[in-house]
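Per-entry structural report
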Amino acid sequence: MAGVNKVILVGNLGKDPEMRRLDGGVARVSFSLATTEYYKDKDGNRIEQTEWHNIVMWRTIAESAERILKKGYTIYLEGKIQTRKWQDKEGQQRTTTDIVAETFQLIRKSDGAPNQPSSGGNQPIPVDDLPF
């Protein structure tokens, strides 16, 4: 049986996308994305819980993200979870979990203004219309 590895996130960029070019000129962009949930504890106090996600984008989508996205922008993205292992400078085995984004949509700029339609015809996704 085949599995499904699908992630949908709506959150705020924690930093500007960082672009790197790999051998052969392949574009790779990375940034952090914060997703925040709110709930009430047993005493009725509102609790805020923020998760930080490592986002990676490749090729054309990476180039678009680097050109369009900035720290604080709210985006919708779809992708998959990918875990990679690597060795640090001290020779210790480390594990990192990334979200490899396959598509994204700018919802809101950091100044609070909704995204205006781009010349490419992409429309922002109103938060009330998200599929969850």
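Please read all numbers here as calculations on a predicted model, not as lab measurements. (Residues numbered from 1 in each chain as written. Predicted model: local features only at pLDDT ≥ 70, side-chain atom pairs only at ≥ 80, totals over all residues. Heavy atoms only, no water.)

1. Brief notes about the confidence of the model for the protein
On average, residues of the protein carry a pLDDT of 88, and 83% of them reach 70 or more. pLDDT under 50 marks residues 117-132. Its contacts with residues more than four places away, or in other chains, come to 19 contacts. (pLDDT = per-residue confidence, 0-100. Contact = heavy atoms within 4.5 Å.)

2. Structural notes on the nonpolar core
Counting residues in each nonpolar core, the largest one holds 20 residues, and the members touching the most others are Phe31, Leu33, Ile55, Met57, Leu69, Ile75 and Leu77. Listing elements by their share of this core, those giving two or more residues are strand S1 (7-13), strand S3 (27-40), strand S4 (46-58), helix H1 (59-68), strand S5 (74-87) and strand S6 (93-108). Non-local contacts of Leu77, meaning those with residues more than four positions away in its chain, are made with Val7, Ile8, Leu9, Leu33, Ile55, Ile99, Ala101, Thr103 and Phe104. (Core = buried A, V, L, I, M, F, W, Y, C linked by side-chain atoms within 4.5 Å. Buried < 20%, exposed > 50% of the residue type's maximum accessible area, 1.4 Å probe, protein only. Helix = DSSP H or I, 4+ residues; strand = E, 2+ residues; numbered from the N terminus.)

3. Regarding the environment of Thr60
Within the fold, Thr60 resides in helix H1. Classification of Thr60 by relative accessible area gives exposed; the value is 57%.

4. Describing the pairing of S6
With three bridges joining them, S4 and S6 adopt parallel strand pairing. Bridge pairing links Ile55 to Ile99 in S6. Pairing analysis gives 14 bridges linking S5 to S6, with the strands arranged antiparallel. Bridge pairing in S6 places Tyr76 opposite Gln105. (Pairing = 2+ DSSP bridges.)

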